[in-house]
Amino acid sequence: MKTISILVPCYNEAKSLALLFDELNRVISQMDMYNWEVLFVNDGSRDNTMEVIRDLRRKDSRVSYVDLSRNFGKENAMLAGFDYAKGDAVIIMDADLQHPPAVIPDMIQKWEEGYDDVYAQRKARGKESWLRKKLTKLYYKMLQGSSRMDVLPNVGDFRLLDRKCVDALCQMRESGRYTKGMYCFIGFRKIGVEFETQDRVAGESSMSYRKLANLALEGITSYTTAPLRWATFIGIVVSVTAFVYMLFVLIKALLYGDPVAGYPTLLVIILFLGGIQLFTIGIIGEYLGKVFVEAKNRPVYFVREYNEK
Ligand code: UDP
Ligand code: MG
């Protein structure tokens, strides 16, 4: 019998977990041709998420958990889950029921057809603000433009991964993790199934605009080195323009003399170039920072407890 693991990273999800497990249970109980494992990764929650998980495990032996030593962030929590999941396939989903368990049978069907990476694609984004939707759209456009590998829009971490994919992801141990980019990087046979995003059942999204902006920057800088190339291009364009302008100024001075003026032009050019220089140093800094972090080669997470003995 094949085993399927359902991997749920949880951060302060005490209120959603029981609901989630109820819904999951309804779906997976109907599919008893598989062994099921529901693996909760408690990502250093500050509420009583851990008690809720222990409670679930006491009632149902299909529940497992990994309790991390502190909050490491969803990406790292997912890696912990990949390391501990036992399944021949792993289904990742959010704890807040934004990912409807009803899609699971569709995913498994595709898996049985021979696909290795079945991703769930949102038909419409739920109740998110207009600005957030627009920003997300713009971001994916930029990301797709900057690299040969396609990061699909409206596709998140809700997906089924075959053991092959999970093993591949486990081999990528970098600390600055951008799992969405990794799914593309590893390749394998992919296919999508559609679903409609639900609204969060309880608790609050931990994703503020600030966090999203950071994640977006993290995404670009760990996915592609294209910004470094942009910096080079900007440099070339500015240099060529400056050279042409230099000729112009020189010739003008030779022909008409030089009546020391042009203070505003000078100021604008100096400020403009200063801006570009700081900007590109910032880009280099981003990558240098990544090298610094990766060079330390620290473990991505620490485990306090894996299932009670
Ligand atoms: N999550 C996590 N660690 C964190 C933040 C979030 O494990 O530091 C989990 C969270 O419990 C949920 C999932 O990641 O299961 C998605 O989080 P959230 O709903 O806050 O993000 P959004 O749906 O707004 O992108
Ligand atoms: Mg959510």
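Predicted model, so just to flag it, every value in this text is computed and none were measured. (Residues numbered from 1 in each chain as written. Chains lettered and ligands numbered in written order. Predicted model: local features only at pLDDT ≥ 70, side-chain atom pairs only at ≥ 80, totals over all residues. Heavy atoms only, no water.)

Novice: Just give me the short version of the coordination of the magnesium ion (ligand 2), but keep the residues and values in it.
Specialist: Protein coordination at the magnesium ion (ligand 2) comes from Asp-96 (OD) and Gln-98 (OE1), with a distance range of 1.9 to 2.0 Å. Residue class for Asp-96 comes out buried when judged on its relative accessible area of 2%. (Donors = N, O, S within 2.8 Å, 3.2 Å for Na, K, Ca; no water. Buried < 20%, exposed > 50% of the residue type's maximum accessible area, 1.4 Å probe, protein only.)

Novice: Could you give me a rundown of the pattern of salt bridges, with the residues and numbers involved?
Specialist: Inspection of the entire model under this criterion finds 14 salt bridges. Between Lys-59 and Asp-55 there is a salt bridge, with the nearest N and O atoms lying 3.5 Å from each other. Of this pair, Lys-59 and Asp-55 both sit in helix 2 (residues 49-59), four residues apart, which is roughly one turn of the helix. For Asp-55, a relative accessible area of 32% gives the class partly exposed. (Salt bridge = Lys/Arg side-chain N within 4 Å of Asp/Glu carboxyl O. Helix = DSSP H or I, 4+ residues; strand = E, 2+ residues; numbered from the N terminus.)

Novice: Requested: an account of the pairing of strand 6 (residues 155-162), with residues and values cited.
Specialist: Both faces of the sheet carry side chains from a regular strand, because those side chains alternate between them. Burial analysis of strand 6 places eight of its eight residues in the buried class, the great majority of the element. Where strand 4 (residues 89-92) and strand 6 come together, four bridges link them in antiparallel fashion. Across the sheet, Ala-89 pairs through a bridge with Asp-162, a residue of strand 6. (Pairing = 2+ DSSP bridges.)

Novice: Give a description of the state of the cysteines that names residues and reports values.
Specialist: Per the counting criterion, the structure on display carries zero disulfides. Take Cys-170: it sits in no disulfide, and the sulfur closest to it among the cysteines is that of Cys-165, at 11 Å. Among the residues examined, Cys-170 registers a relative accessible area of 15% and is labelled buried. Not engaged in a disulfide, the cysteine Cys-184 finds its nearest cysteine sulfur in Cys-165; these two sulfurs lie 12 Å apart. (Disulfide = S-S within 2.5 Å.)

Novice: How would you sum up the sheet that holds strand 7 (residues 190-195)? Please name residues and give values.
Specialist: Pairing within the open sheet is mixed, and its eight strands lie in the order 7-5-6-4-1-2-3-8. The sheet is open, and its two edges are formed by strand 7 and strand 8 (303-306), each paired on a single side. Strand after strand, the sheet turns through a mean of 20° between neighbouring axes, direction not considered. Both strand 2 (residues 35-42) and strand 3 (residues 63-68) contribute to a ladder of five bridges, which runs parallel. Its bridge partner being in strand 3, Val-38 is matched across the sheet by Val-63. Sitting on the sheet, helix 1 (residues 14-29) is in contact with strand 1 (3-10), strand 2 and strand 3, with an inclination near 165° to strand 2. Lying on the sheet, helix 4 (residues 104-112) is in contact with strand 1, strand 2, strand 4, strand 5 (117-122), strand 6 and strand 7; it crosses strand 6 at an angle near 45°. (Axes fitted to C-alpha atoms, helices over the stretch in contact; angles between N-to-C directions. Contact = heavy atoms within 4.5 Å.)

Novice: Explain the environment of Leu-160 residue by residue, including any values.
Specialist: Note on placement: Leu-160 falls in strand 6. Residue class for Leu-160 comes out buried when judged on its relative accessible area of 0%. Put simply, Leu-160 and Met-246 are 86 residues apart on the chain and 59 Å apart in space, counted from C-alpha to C-alpha. Not counting chain neighbours up to four residues away, the residues in contact with Leu-160 comprise Ala-89, Val-90, Ile-91, Met-107, Ile-108, Trp-111, Asp-116, Asp-117 and Val-118.

Novice: Can you tell me about unusual backbone geometry, naming the residues and giving the values?
Specialist: Although it is not a glycine, Leu-97 adopts a positive phi angle of roughly 65°. Position of Leu-97 relative to the elements: it lies in the loop between strand 4 and helix 4. Positive phi, normally seen in glycine, also occurs at Asn-297, with a value near 55°. Mapping Asn-297 onto the fold places it in the loop between helix 10 (263-296) and strand 8. On the accessibility criterion, Asn-297 (62% relative accessible area) is exposed.

Novice: Account for the packing of helix 8 (residues 209-223) against helix 10, with residues named and values stated.
Specialist: Contact pair helix 8 / helix 10: the axes reach a minimum separation of 10 Å and the direction vectors enclose 75°. With respect to their mutual orientation, helix 8 and helix 10 come out roughly perpendicular. From helix 8, Leu-217, Glu-218, Ile-220, Thr-221 and Ser-222 reach across to helix 10, where they touch Glu-286, Tyr-287 and Lys-290. Of the residues belonging to the contact of helix 8 with helix 10, the class tally is three nonpolar, two polar and three charged. (Parallel < 35°, antiparallel > 145°, perpendicular 65-115°, else oblique. Nonpolar A, V, L, I, M, F, W, Y, C, P; charged D, E, K, R; others polar.)

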